[in-house]
Amino acid sequence: MRASNAADTCILKEIVPLRNLAHAFLLSRFVPRYNRMAQAVKRDLLAGTTGDVLEIGAGTGANFGFFGEGVRWTGCDPNPAGRRYAERHAAAAGIPAEWHTAPAEQLPFDAGRFDCAVATLTLCSVREPEKALAEVLRVLRPGGQLLFLEHVRAVEGSGELRSQTNWAPVFRWVAGCRTDQDTAALVERAGFSSLEVRLVTLPLPVVSPHAAGRAVK
């Protein structure tokens, strides 16, 4: 990935809204903490990745320390402010990388382009997750897989679900995140040929229940 020069940085500051810059900065601070909590799950999920890998909701490049060897990474995110963080992490990991500022619902790639797609803490904030999953299916090669780690809706009738419902407006305002979305069910209905999911509990308030999964086209 081409390193940003001083002119690029200047332009970025001029055209990217302050809210986007702040969001990328706060995400970069949160990611190391989250990765420490989820490192065992991420290692198990992402260690076998190889070939052309698409990461939707690429954010600040949270997963470069977990990918397998031989990965060629392409990241998509609607917030261009994450690019400089992702560039830095890609260079540190020695992974060839390419950034695209685009939403997951409108991926700018030909059908069958990628061997693998990755989504971590992404589908909760995508405006149209069903459309995003349809796009992921479109750009995956036959036999390609979607690897995901997402927080999910708590058990019906539980105190956790009441907490998710009560805090939902705050999470939507702060992070654009739907705390009570049943993301695993969305992936199940998306049209993949097979799906493996395991439930994971992480020490986080409100969004503790997670699902780690592998869906094959």
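A brief report on the enclosed structure follows. Note that the structure is predicted; figures quoted are calculated from it, not measured. Counting restarts for each chain, with residues numbered from 1 along the sequence as it is written. Given that the model is predicted, a residue must reach a pLDDT of at least 70 before its local features are reported, and side-chain atom pairs must reach 80 or more before they are shown or counted; all residues, however, enter totals for whole chains, interfaces and linings. Just so you know, side-chain values use all the structure's heavy atoms and leave hydrogens and water out.

### Quick look at helix 3 (residues 83-93)
Line of reasoning, step 1. Accessible area is worked out with a 1.4 Å probe on protein chains only. A residue is then buried under 20% of its type maximum, exposed over 50%, and partly exposed in between. By definition, any uninterrupted DSSP run of H or I lasting at least four residues is a helix, any uninterrupted run of E lasting at least two residues is a strand, and each is numbered from the N terminus. When we look at burial in helix 3, the residues that qualify are Y85, A86, E87 and A90.
Line of reasoning, step 2. Turning to helix 3, the residues buried within the fold contact helix 2 (18-46), strand 2 (71-77) and strand 3 (97-101).
Line of reasoning, step 3. Backbone geometry just after helix 3 places G94 at a positive phi near 70 degrees. Working rule for contacts: check all heavy atoms of both residues, and any pair within 4.5 Å makes them a contact.

### Considering helix 2
Line of reasoning, step 1. In this model helix 2 runs just 33 Å from its N-terminal to its C-terminal C-alpha over 29 residues, more than 12% under the 42 Å that 1.5 Å per residue would give.
Line of reasoning, step 2. Two axes are fitted around each residue, one to the seven residues ending there and one to the seven starting there, and the angle between them is reported as the bend at that residue. Along helix 2, the sharpest change in direction is near 75 degrees and occurs at A38.
Line of reasoning, step 3. Within the sequence span of helix 2, burial applies to A24, S28, V31, Y34, N35, A38, V41, K42, L45 and L46. Helix span, expected: 1.5 Å multiplied by one less than the number of residues in the helix.

### Focus: the sheet that holds strand 1 (residues 51-56)
Line of reasoning, step 1. Note on pairing: DSSP must find at least two bridges between two strands before they are called paired. Across the sheet, which stays open at both edges, the seven strands sit in the order 3-2-1-4-5-7-6 with mixed pairing between neighbours. Both outer strands of the open sheet, strand 3 and strand 6 (194-201), are each paired with one neighbouring strand and no more. Between one strand axis and the next, the sheet turns through 15 degrees on average, direction left out of account.
Line of reasoning, step 2. The pairing of strand 5 (residues 140-151) with strand 7 (residues 209-216) spans seven bridges and is antiparallel. Its bridge partner lying in strand 7, L149 is registered against A212. For helices, the fitted axis covers only the stretch in contact; all axes are lines through C-alpha atoms, and the angles between them, taken along N-to-C directions, range from 0 to 180 degrees.

### Comments concerning the pattern of salt bridges
Line of reasoning, step 1. In what follows, salt bridge is the name for a side-chain nitrogen of Lys or Arg lying within 4 Å of a carboxyl oxygen of Asp or Glu. All chains considered together, the criterion is met by eight salt bridges.
Line of reasoning, step 2. Across the pair R83 and E87 runs a salt bridge whose closest N-O atoms are separated by 3.1 Å. Here R83 and its partner E87 are both found in helix 3, four residues apart, which amounts to about one turn of the helix.
Line of reasoning, step 3. The exposure class assigned to R83 is partly exposed, which follows from its relative accessible area of 28%.
Line of reasoning, step 4. Overall, the relative accessible area of 10% leaves E87 in the buried class.
Line of reasoning, step 5. Each of D52, R72, D115 and R141 takes part in a single network of salt bridges with overlapping partners.

The quantities given are spatial measurements derived from coordinates; they are silent on function.
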